[in-house]
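# Chains, contacts and geometry: an overview
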Amino acid sequence: MAILNYQDMMKALGYTKPQQKHQLIYDAWAKEPIVWYFPQGDLDFIIQSLSLDQVENEAIKHAHSVILDDTTLYQIMSFIQAITIQKAHPSDWLANQAPQITHPILSTSVIQLIAILSLIPLAKKDYQDRAISDEHMMFNLNHLKGYIKNYRIKHQKVGIELYGWTTYLASLGLIHLGYLHFMHHQYNDPFIFYRHKTTSSVLAIAKEGLSVRKDGQFNGVNKVFDLRNITTLEIENNKIMAYPVHPKGFIQTDPISIRLEDYECILKPGDVVIDFHIPTRSNYSISGIKHSFEEAISFFRNHYKDYDYQAFWCTSWLYSPQIESLISKEESNILQVARQGYRLPATPGAESLYSFVFQTENPDFKTIHPKTSLESSVIDYVQQGHTINAGCYLYFIDDIHLFGKMPYLTDVRS
């Protein structure tokens, strides 16, 4: 069959801002036999496992049949598998945008749904190769079907909500261990971590070219622009001069110089980490998090031996660089857990915190009567002219025995 060229493939997907990685994956994909891996047996398994209504089931079966007979759509679906799960990973964020494919028979929303479902057979095979229990597969599928059912409730047609997030679920990537959810993740934040060879202390430095506000956060987050400097990183004579990041989550004012012979690089962009998520009603305490981390270390070392995981990673308002200004109770679990990790500035603004605290991303502080100390603190802090953003949180696996002892803040005075 004639293969769609790169430009036509991007146009068919509706990707108006393709990334360089798309081109690289396309070039590799186009050299191989074009296969859309979605056997009939896996289609039957998915329909049975999701327990959807007949409307969804018939739409999925019909779409599967149409794609097998349509050479152009078959190629497109094959490429979606490649950029999402075969030659990349959902955490590469190459396929977060739902494909906007127009077709004379299938609706765009049904094609989006079948694109998500087509990740399951590949992930299921990977589970079998890694000897991962089926309970983790069903955990993901049970979550996935909710996004399918909710789509039809909201739109009165077949499709799926939150395309980017459901690529994780369809790739069976969410693993529940202890009190947390864990996922494989490619670390892409613009910070490099080093560990001192003698003291074992950990240091994060910023990559070059970052626009930093006077408060040490990324310039422009929350639409606040207050440029302090642009970061630099220079390597010369076995030394690195760069801007360090305070473990509480802000890029510091002055660059420092370290000797490479004294440090080991332990994490850089492109490395893999273990992403964790905090479900509702989890045991969010020092003991609960440590227990969950320990379970995850055992699981990933057993089933993902081909990856050299160095750290746990999460981005959340719980790890905001401003969290100490919002919570004053020293015994607070939120505060105590936040202080265990090495925090970094992150680009998400205050919306997720507002959603959790006020149940809306755009609270009107003039009309809110605070009922909790956290509500009062957030309102006061913002009305004083401050801004709140999420933070990125790293905890290194080699330091798991120190969880609860604030290892990254031990030698920090401010």
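Higher on the page you've got the structure.
Along each chain, residues carry numbers from 1 onward, in the same order as the chain's sequence is written. Per-residue local features are limited, in this predicted model, to residues with pLDDT of at least 70; the limit for side-chain atom pairs, both in listing and counting, is 80 or more; totals at the level of whole chains, interfaces and linings are taken over all residues. Calculation of side-chain values draws on the structure's entire complement of heavy atoms; hydrogens and water are dropped beforehand.

## Side note on the overall build of the protein chain
Elements are defined by DSSP. Helices are runs of H or I of four residues or more, strands are runs of E of two residues or more, and each kind is numbered from the N terminus. Regarding its fold elements, the protein chain presents 14 helices and 16 strands. A globule of 414 residues ought to have a C-alpha radius of gyration of about 22 Å, and the protein chain, at 23 Å, matches this closely. Dimensions of the protein chain, computed from C-alpha atoms along their principal axes, come out at roughly 65 × 60 × 40 Å. Accessible area is worked out with a 1.4 Å probe on protein chains only. A residue is then buried under 20% of its type maximum, exposed over 50%, and partly exposed in between. Taken across its 414 residues, the protein chain has 51% of its residues classed as buried. We call two residues in contact whenever any of their non-hydrogen atoms come within 4.5 Å of each other. In the protein chain, the proportion of contacts linking residues at least 24 apart, taken out of those at least 6 apart, comes to 70%. Element-wise, carbon and sulfur atoms account for 50% of the exposed surface of the protein chain, whose accessible area totals about 19,600 Å². Just so you know, the count uses Lys and Arg for positive and Asp and Glu for negative, and it drops His and the chain ends. To locate a charge, take atom NZ for lysine, CZ for arginine, CG for aspartate or CD for glutamate. Taking the 36 positively charged and 43 negatively charged side chains of the protein chain as two groups, their mean positions are separated by 3 Å. The globule rule is 2.2 Å times the number of residues to the power 0.38, and the radius of gyration it is compared with is taken over C-alpha atoms. All accessible areas in this document rest on Shrake-Rupley with a 1.4 Å probe, and a residue is counted as covered only by the protein chains that are shown.

## Describing the sheet that holds strand E1 (residues 175-177)
Across the sheet, which stays open at both edges, the six strands sit in the order E1-E2-E13-E14-E16-E15 with mixed pairing between neighbours. Edge positions in the open sheet fall to E1 and strand E15 (342-345), since each of these has one partner strand only. Taken pair by pair, the neighbouring strands of this sheet meet at an average axis angle of 35 degrees, ignoring direction. Between any two strands, at least two bridges found by DSSP are needed for them to pair. Where E1 lies against strand E2 (residues 180-186), three bridges are found, and the strand directions are antiparallel. Bridge pairing in E2 links Ile 175 to Phe 182. Each axis is a line fitted through C-alpha atoms, taken for helices only over the stretch in contact, and angles between the N-to-C directions span 0 to 180 degrees.

## Focus: the environment of Pro 247
Here Pro 247 shows up in the loop between strand E9 (244-246) and strand E10 (250-251). Sequence separation between Pro 247 and Gln 359 is 112 residues; the distance between their C-alpha atoms is 29 Å.

## A short note on the packing of aromatic side chains
Pairing of aromatic side chains here covers Phe, Tyr and the six-membered ring of Trp, requires ring centres within 6.5 Å, and sorts the geometry by plane angle: under 30 degrees stacked, over 60 edge-to-face, intermediate tilted. Summed over all chains, the structure comprises 33 aromatic pairs. Aromatic side chains Phe 276 and Tyr 393 sit 5.9 Å apart centroid to centroid with 80 degrees between the ring planes, which places their arrangement in the edge-to-face category. Of the two residues, Phe 276 sits in strand E13 (residues 272-277) while Tyr 393 sits in strand E16 (residues 391-396), which places them 117 residues apart along the sequence. Each member of the pair, Phe 276 together with Tyr 393, is buried. Taking the centre distance of 6.2 Å and the plane angle of 80 degrees together, the rings of Phe 396 and Tyr 408 count as edge-to-face. Separated by 12 residues along the polypeptide, Phe 396 in strand E16 and Tyr 408 in the segment after E16 bring together distant segments of the chain. The same class applies to Phe 396 as to Tyr 408, namely buried. The rule for a charge over a ring is simple: NZ of Lys or CZ of Arg within 6 Å of the ring centre, and within 35 degrees of the ring normal. The ring of Phe 45 carries the charged tip of Lys 124 above its face, separated from the ring centre by 5.0 Å.

## Describing the environment of Gly 14
You can see Gly 14 is positioned in the loop between helix H1 (6-13) and helix H2 (20-30). In sequence terms Gly 14 and Pro 99 are 85 residues apart; their C-alpha atoms lie 5.9 Å from each other.

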